[in-house]
Each structure stands twice: as C-alpha cells, then as structure tokens.
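# Tertiary structure, described
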Amino acid sequence: MAEADWQKTERETVEGNPRRPEGDAGRTMLARMNESHARLVDWGLAHLDLRAGDTVLDIGCGGGSTLARMAERVTKGDLIGIDYAETSVEASRAFNAALIEAGRMKVLHGSVEALPFDDAHFDAVVTVESFYFWPSPEESLKEVARVVKKGGTFLLLAEIYGRDDLPVGIRAKVADYDLTNPTPEAFERLFRAAGFRTVHMDFQEGEYWIAVRGVR
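For the structure given in this document, a descriptive report is provided here. (Residues numbered from 1 in each chain as written. Predicted model: local features only at pLDDT ≥ 70, side-chain atom pairs only at ≥ 80, totals over all residues. Heavy atoms only, no water.)

### Brief notes about the nonpolar core
Threshold: Nonpolar cores were defined as sets of buried Ala, Val, Leu, Ile, Met, Phe, Trp, Tyr and Cys residues, with membership established by side-chain atoms within 4.5 Å. Buried residues are those whose accessible area, probed at 1.4 Å on protein chains only, stays under 20% of the maximum for their type, while exposed residues exceed 50% and partly exposed ones sit between those limits. Here a strand is any run of E in DSSP of at least two residues, a helix any run of H or I of at least four, and the numbering for each starts at the N terminus.
Formed by 36 residues in total, the largest nonpolar core has its most connected members in L57, I59, V125, V144, F154 and F191. Of all elements in the fold, only β1 (55–59), β2 (78–83), β4 (122–128), α7 (137–147), β5 (148–158), α8 (168–177), α9 (184–194) and β7 (210–215) reach the threshold of two or more residues within this core. In this structure, V41, L50, M105 and A211 belong to the second largest nonpolar core, which totals 24 residues.

See below:
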C-alpha cells in the first residue's frame, strides 16, 4: 500500500479502535476494512492451496470478508472465524449470515492466546492485518501451530512489514499504535520457533505487502 493510502486508512479509523473495534464506530470501521483489505486478501489467498473439503480458521476475522472469499473455494468443508472483539464477531456473523445459516461457517468470540480447538484440527489457518496487535506474539504463534495439521499451512497477510525504506509517516503510525511489525528475517525466526517446518514469503511489487506461509 502506498504511504498516502496507508495514512488515509489510519485516519479513517480515528473514531474506531483498530486494535479492538467497538460500537457503531467499530462497525463502520469494519465495513471500511472489508473494502480496503480486498486487494490484499485477493493477492494473499492466491498463495494458499485451499480445497473444497478443508477445515479452515480465520484468526481476527474482523468484518468477515476474508471468510466469505474462502467460502468460494471451501464449498464442502468447515470455515471458522474467531475474533476477540465482540463487535467484530457480530459484524462477521452479519456479513456471512447466509453461510452460517447453511451450516458452512461459524464465527466465535475468543483470543489467539487460547484457541478453543483440538490439536492438529485445521488444514489451513489465516490471519489478515491482525498480527500487529497480537499479545505475546511468540506464544500466540505457538498456539496457532498447535491447531494446524501436519502438512497444513498458516498464512499471515500484512500491508506493511519491517523494512528499511518504510516512509517516516508509516513508521510513526507503527510507533503510535505500538504495532508488532517484524522484518522478513524476524518472521522466519518466529515461525520456525513456533513449530513450522518450512517458511515461505511473498512480496507484492509496488506495495509494502507480505504473505508469510508456515507449513507444519
């Protein structure tokens, strides 16, 4: 994302808390995020091999649009979203009401710190623009790895990552929001320490985007 676009997105969320959306301002912000993250999600999901019968988790599911996009490919499996913000859970359930009614999807309230799932439960886990805010990133990543099947994948998508040429304005936002924003080298160390056997990274030319894929 270009600097002006990233700063615009952050200005638009002044009346909503991007770390934990709440109330009407939060619902409005989540609707905007569904739109503003669409290009990142389209690009990122192209790096994930989803099959019709997969069981898939979206951590920090926000407004629900990523779940909806994955439902286009996961047509016979199970899709689960989880978010620790109750407003996000409500928004995601509303956005995906038809899929939930059809029994194809669930959206739960919970935290990445203690995922309410058995070990090796998911074929794939994704998170979009949420890792910045995760508590105890090292331990949270271990919790993610716990619920991924052997051979399964965790895909992390972010519009920015630690790099030397990040503009000053974006660096200031990272500091203001106290975001966790690793370099690619730090991402690889974190993923391997969490238990992922292999780590792959992709970058979008002309953007500051990163797609990190850890395979169990």
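### Here's the deal with the pattern of salt bridges
Note the following rule: The rule for a salt bridge is simple: a side-chain nitrogen of Lys or Arg has to be within 4 Å of a carboxyl oxygen of Asp or Glu.
Evaluated as defined, the whole model comprises 12 salt bridges. E143 is paired through a salt bridge with R146; the nearest N and O atoms lie 2.9 Å apart. Note that E143 and R146 are positioned in helix α7 at a spacing of 3 residues, about one turn of the helix. Residue classification places E143 among the buried residues on the basis of a relative accessible area of 14%. Measuring nitrogen to oxygen at the nearest pair gives 2.5 Å for the salt bridge that ties R163 to D165.

### Considering the sheet that holds strand β3 (residues 105–109)
To keep things clear, this is the line we draw: Pairing between strands requires that DSSP locate at least two bridges from one strand to the other. With axes taken as lines fitted to C-alpha atoms, and helix axes fitted only over the stretch in contact, angles between N-to-C directions fall between 0 and 180 degrees. In this analysis, two residues are considered to be in contact whenever any of their non-hydrogen atoms come within 4.5 Å of each other.
Taken together, 7 strands build an open sheet; the order of strands is β3-β2-β1-β4-β5-β7-β6 and the sheet is mixed. The strands lining the two open edges of the sheet, one partner per strand, are β3 and β6 (198–203). Strand-to-strand twist across the sheet, computed as the mean angle between neighbouring axes with direction ignored, equals 15 degrees. In terms of strand pairing, β1 meets β2 through 5 bridges, oriented parallel. When the sheet's bridge partners are listed, I59 is paired in β2 with I82. Each of β4, β5, β6 and β7 is contacted by helix α3 (residues 38–45), which is oriented at about 150 degrees to β5, the strand it contacts most. Sheet contacts for α7: β1, β4 and β5; angle to β5, the most-contacted strand, approximately 135 degrees.

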